[in-house]
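Coordinates in review
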Amino acid sequence: MRAAVDELRARFPGAGVRCLTWNDAYHAIAMQVLVDLPSRGPVDDVDIRTVEPILLLVHQKQFPRKAPFAYSDRLDFPSSRLPHLIPTGRKDLACFCLHRGSLDDWFAEHSVTDLVHRVQGWLRDAASNRLIREEDRFEGTRIDHAVGIIVYPARDLTGAVEAGWASSGGCQGSSYLMATLLKNQATGAYFSARISYRIDFVLPETPSGRLIDLFRKYNRVIDEKADEDRLLLGMLVWASKTAVTRYFGTLPASYGDLRNFCREIDIDLEAAAAPYRALGAQLLGGVPMVVALLRPHALIGEGTAVELLNFVILASEDHSNEDGTWKDEAPVMALSHRSPLTASFAREMSRESAEAPTRVALVGCGALGSKVSLHLARAGHVSQSLVDLADLAPHHLVRHGLPPEAVGKNKAEGLAGYIKSMYRLDESHVDVRSYPISIYDLLERPDEFLDTPFLIDATASTAVLNALVDTHDLPASLHFSRCEIAHAGRLGILLWEGTARNPRLDDLQAYLFHLGRHNRAIAEWLAAHRRTQQEERAEVLEEIGIGMSCSSTTMRLSDDVIAVHAALVASAYKLRDKWAREGLGRIQLSLLDVGSGVNAGTETLTVPPVLILDARDADAWQVRIHAHVVDKLRIWMKRAGRNETGGLLLGFAHRKRKVIYITDALPPSPDSKGTPYAFKRGVKDYPETLDEVGGRTGNLIGYVGEWHSHPQGPAELSEKDLLAVAEIRAHLDNAGLPTHIMVIAPKEIASFVFTTDY
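Residues numbered from 1 in each chain as written. Predicted model: local features only at pLDDT ≥ 70, side-chain atom pairs only at ≥ 80, totals over all residues. Heavy atoms only, no water.

1. A few points about the pattern of salt bridges
Here the idea is simple: oppositely charged side chains can pair when their charged atoms come close. In this structure the tally under the stated criterion is 35 salt bridges. Note that Lys371 and Asp559 form a salt bridge whose closest N and O atoms lie 2.5 Å from each other. Residue Lys371 is located in helix 9 (residues 367–378), and its partner Asp559 is located in helix 15 (residues 559–573); the two are separated by 188 residues in the primary sequence. The exposure class of Lys371 is buried, given its relative accessible area of 10%. (Salt bridge = Lys/Arg side-chain N within 4 Å of Asp/Glu carboxyl O. Helix = DSSP H or I, 4+ residues; strand = E, 2+ residues; numbered from the N terminus. Buried < 20%, exposed > 50% of the residue type's maximum accessible area, 1.4 Å probe, protein only.)

2. What about the pairing of strand 20 (residues 585–593)?
Most of strand 20 sits inside the fold, with seven of its nine residues counted as buried. Here strand 19 (residues 491–496) runs beside strand 20; their pairing, made up of six bridges, is antiparallel. For Leu494, the partnering residue across the bridge sits in strand 20 and is Gln588. Where strand 20 and strand 21 (residues 599–607) come together, nine bridges link them in antiparallel fashion. By the bridge assignment, Gln588 is partnered in strand 21 with Thr604. (Pairing = 2+ DSSP bridges.)

3. Examining the sheet that holds strand 28 (residues 702–709)
In spatial order, the strands read 22-23-25-24-28-29-30; together these seven strands make up an open sheet with mixed pairing. Each edge of the open sheet is held by one strand with a lone partner, namely strand 22 (611–614) and strand 30 (749–754). Taken pair by pair, the neighbouring strands of this sheet meet at an average axis angle of 30°, ignoring direction. With six bridges connecting them, strand 24 (residues 646–654) and strand 28 associate as antiparallel partners. Looking across to strand 28, one finds that Leu649 is bridged to Gly705. Taken strand by strand, helix 17 (residues 627–640) contacts strand 22, strand 23 (622–625), strand 25 (659–666), strand 28, strand 29 (739–744) and strand 30, and its axis lies near 50° from that of strand 25. (Axes fitted to C-alpha atoms, helices over the stretch in contact; angles between N-to-C directions. Contact = heavy atoms within 4.5 Å.)

4. Quick word on a negative patch on the surface
Negative charge collects at one region of the surface, where Asp671, Asp685, Glu688 and Asp691 lie side by side. In this fold, Asp685 is placed in the loop between strand 27 (679–680) and helix 18 (686–696). With relative accessibility at 39%, the residue Asp685 sits in the partly exposed group. (Patch = residues over 30% accessible without salt bridge, like charges linked within 9 Å, V, L, I, M, F, W, Y side chains within 5 Å. Areas by Shrake-Rupley, 256 points an atom, 1.4 Å probe, with all protein chains shown as cover. Lys, Arg positive; Asp, Glu negative; His and termini not counted. Charge placed at Lys NZ, Arg CZ, Asp CG, Glu CD.)

5. A word on helix 1 (residues 2–11)
Along helix 1, the positions that sit buried rather than exposed are Ala4, Val5 and Leu8. All buried residues of helix 1 project into a common sector of 100° when viewed along the axis, lining one side. Exposed and facing more than 90 degrees away from the buried side of helix 1 are Arg2, Ala3 and Ala10. Buried positions along helix 1 lie against strand 1 (18–21), strand 2 (26–34), strand 3 (51–59) and helix 3 (112–127). (Arc of directions from axis to C-beta.)

6. Quick look at the packing of helix 1 against helix 3
Two numbers describe how helix 1 lies on helix 3: the axes approach to 9 Å, and their chain directions differ by 55°. Classified by the interaxial angle, the pair formed by helix 1 and helix 3 is oblique. Residues Ala4, Glu7, Leu8 and Arg11 of helix 1 form the contact with helix 3, whose own contacting residues are Val112, Thr113 and Val116. Looking at side-chain class alone, the contact of helix 1 with helix 3 contains four nonpolar, one polar and two charged residues. (Parallel < 35°, antiparallel > 145°, perpendicular 65-115°, else oblique. Nonpolar A, V, L, I, M, F, W, Y, C, P; charged D, E, K, R; others polar.)

7. So, the side chain of Asp664
Tracing the chain through its elements places Asp664 in strand 25. Residue Asp664 is classed as buried on the basis of its relative accessible area, which comes to 4%. At 2.7 Å, the side chain of Asp664 and the side chain of Lys632 are in polar contact. Those residues in contact with Asp664 that lie beyond four places of it in its chain are His514, Arg517, His628, Val629, Lys632, Leu649 and Leu650. (Polar contact = N/O pair within 3.5 Å; in protein donor to acceptor, adjacent residues only side chain to side chain.)

8. Here's the deal with the packing of aromatic side chains
Evaluation of the coordinates by the stated rule reveals 18 aromatic pairs. The interplanar angle of 20° and the centroid separation of 6.0 Å between the aromatic rings of Tyr176 and Tyr276 together place this pair among those described as stacked. Of this pair, Tyr176 sits in strand 8 (residues 173–181) while Tyr276 sits in helix 7 (residues 269–278), placing them 100 residues apart in sequence. The buried category is assigned to Tyr176, whose relative accessible area is 13%. One cation-aromatic arrangement involves Arg277 over Trp326; the distance from NZ or CZ to the ring centre is 4.7 Å. Cation over ring: Arg501 sits above Phe480, and NZ or CZ is 3.8 Å from the ring centre. (Phe/Tyr/Trp six-rings, centres within 6.5 Å; stacked < 30°, edge-to-face > 60°. Lys NZ or Arg CZ within 6 Å of the ring centre and 35° of its normal.)

9. Examining the nonpolar core
In terms of nonpolar packing, the biggest core is built from 64 residues, with Tyr255, Leu258, Val291, Ile313 and Trp326 touching the most fellow members. Those residues in contact with Trp326 that sit more than four places away from it in its chain are Met235, Tyr255, Ala273, Tyr276, Arg277, Gln282, Val287, Ile313, Ala315, His319, Ser320 and Asn321. (Core = buried A, V, L, I, M, F, W, Y, C linked by side-chain atoms within 4.5 Å.)

10. Quick look at the sheet that holds strand 16 (residues 431–435)
Overall, mixed pairing links the eight strands, which are arranged 16-15-14-17-18-19-20-21 in an open sheet. Lying at the two open borders of the sheet, with one neighbouring strand each, are strand 16 and strand 21. Strand-to-strand, the axes of this sheet are offset by a mean angle of 15°, without reference to chain direction. In this structure, strand 17 (residues 454–457) lies alongside strand 18 (residues 479–486), joined through four bridges in parallel fashion.

11. Some details on unusual backbone geometry
Pro64 follows Phe63 through a cis peptide bond whose omega is 10°. Within the secondary structure layout, Pro64 lies in the loop between strand 3 and strand 4 (69–72). A positive phi is found at Asn129, a non-glycine position, where the angle reads about 60°. Secondary-structure assignment places Asn129 in the loop between helix 3 and strand 7 (148–151).

12. Considering the side chain of Glu706
Take Glu706: it is sitting in strand 28. What Glu706 contacts, discounting residues up to four positions off in sequence, is Gly647, Leu648, Leu649, Arg681, Ile728, His740, Ile741 and Met742.

13. Some remarks on the state of the cysteines
Simply put, the disulfide is a covalent bond whose two ends are the sulfur atoms of two cysteines. Enumeration over the complete set of coordinates arrives at zero disulfides. Looking at the unpaired Cys19, the closest cysteine sulfur is the one in Cys95, lying at 18 Å. Cys97 takes part in no disulfide bond, and the closest cysteine sulfur, belonging to Cys95, lies 8.2 Å away. With a relative accessible area of 9%, Cys97 lands in the buried category. (Disulfide = S-S within 2.5 Å.)

By themselves, these figures tell us nothing about what the structure is for.
Pasting the structure below:
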């Protein structure tokens, strides 16, 4: 502090810099500053002088981390004519608003000399009428020293004021406010604790005695519970519809001050307060009051010229007269207004489109699902249908999105209630539905999805995947997707279906396995998956589960890991309408490695529609071949010219679903021979290639058939082909695997499947 004084004396030698005692917390540095006035004098004769005395209030313990407050040091400073002032409780002080953001942050990078230059610039702009830019409109009263907050939608109160003016010809008036004291503190502690109120709505008429008695009884019931909200009635008073141009350099600090303040803007406060007290509407020691007045222009950042000033009158028994009237010395403190969270406001804060997002059905409200749901909800995506049969257990709190109060509740119901509580005053725009039932039960009620264009499966359940793949009763417009976490949290997966369910979830899963051939992260995961299944003596292709259930007490996965993957899924899901219009399938991979350091990234792959073939010779079987495989086969056939050619097909066969997924194909081996009339496949290099494919895909991808071309004829099996089929079946029938031969001709592709189960 001494260094600051020495600096000011050195930089401003004729300014009379001196140090004064202010109070127990602050010292004051008094000095005079020169002001660069307009050549013709201050605009509109505002009383800004060439030499202005100022005070810098310096906190004794927190300086320089806390910036000094800058005040005018003259009693007749023209506060009421100037914006950009911080209202104070001292009528003889005007506090300059020097920075639109945090002055402490600004001061962290500037010196006390810079602060004085800032004051000089403020005074110069005040004299030139440049404190507010022309496009800024009218600056509302800035509240920097508030005892607490008051939450309400400003449009509700300004609407009530404008309706009052319309019905009374622009006269002053008042109304009652239905209010809640949030997390109540004892009245005696008001001076040391912040007060939080919520205005629920403006009462359309004077409340009845019955309602007031009901509120009073409720407050008595919870009187011993310090953290419970209290119900009360507040007051809204408004001035006549005449524009008030003056600025407020000070705000009332007592009820007497408030009454005088209201009188100056044409409000008879006692005319409103007397009926309020006579009705017995004062239920607690503190009375929230909102004072409304009209400004000459719309306020900065607002769409209205009605300014709302918020106070609390601390009119406990100690500050009330015997007849119930409030003493003039009853403390009055300013409250800062906060807008309640609305869906549109959340979208604005999240840089989302202003248009209400489409509805999402989320199946599985566990660790991953709950976080995806909440990420979307906090971004204003509040049209959700939540499906989960399970209840929240204590151990779920390690990684679930719900708080401890939800333990024992159904996950879907708890999550829906949690989202609704975030948007309590915006219920008309929040449509979160909960279904505490099994997804299998819900699939039998297709009407529930008529207004739902998107469904995301977050169950990590193979059974649910099968149910979604096999369902045919849901609306054709419903778009399916699935998110999972794999490889002990290292890999996040989002599968996104294409238009008309092509590619379908199972097609995307097959393609995901195929990616292991070239993607190291997927290859490592599939290899680990293979080792686990071998240890558990499971058949790899019997049930293919790629995710893991985060509800298990045996699963070791931290909350932050799930949160990273959930955030990336939610970010992608915000693009759902755009992706749906584009029509392609997608696989989004999120990679996270926290071994020797944190490494993260994402990769999104587009997946075109697959070619779907109903197998010949086995009516129950279907072949689904990925588009890039079809392209390969046609290129190889074209290269072979008039000669037949062929090779092997890669993928996997799902015996229970009776589907063969073709994810890749191998060209003819070097020892293969093709003529215009026949093709004889060789074997050179195939065993090594198949071993490599199996090793990189956890043996999930392997041999699933043969392909050959008929460049001159139809896609039918010749007698030689049937002899080859018999030879292949001799090996595969005993293993319980289908024999699959694909024939590609210039105009068609056909698959022939032979099994022992049809």
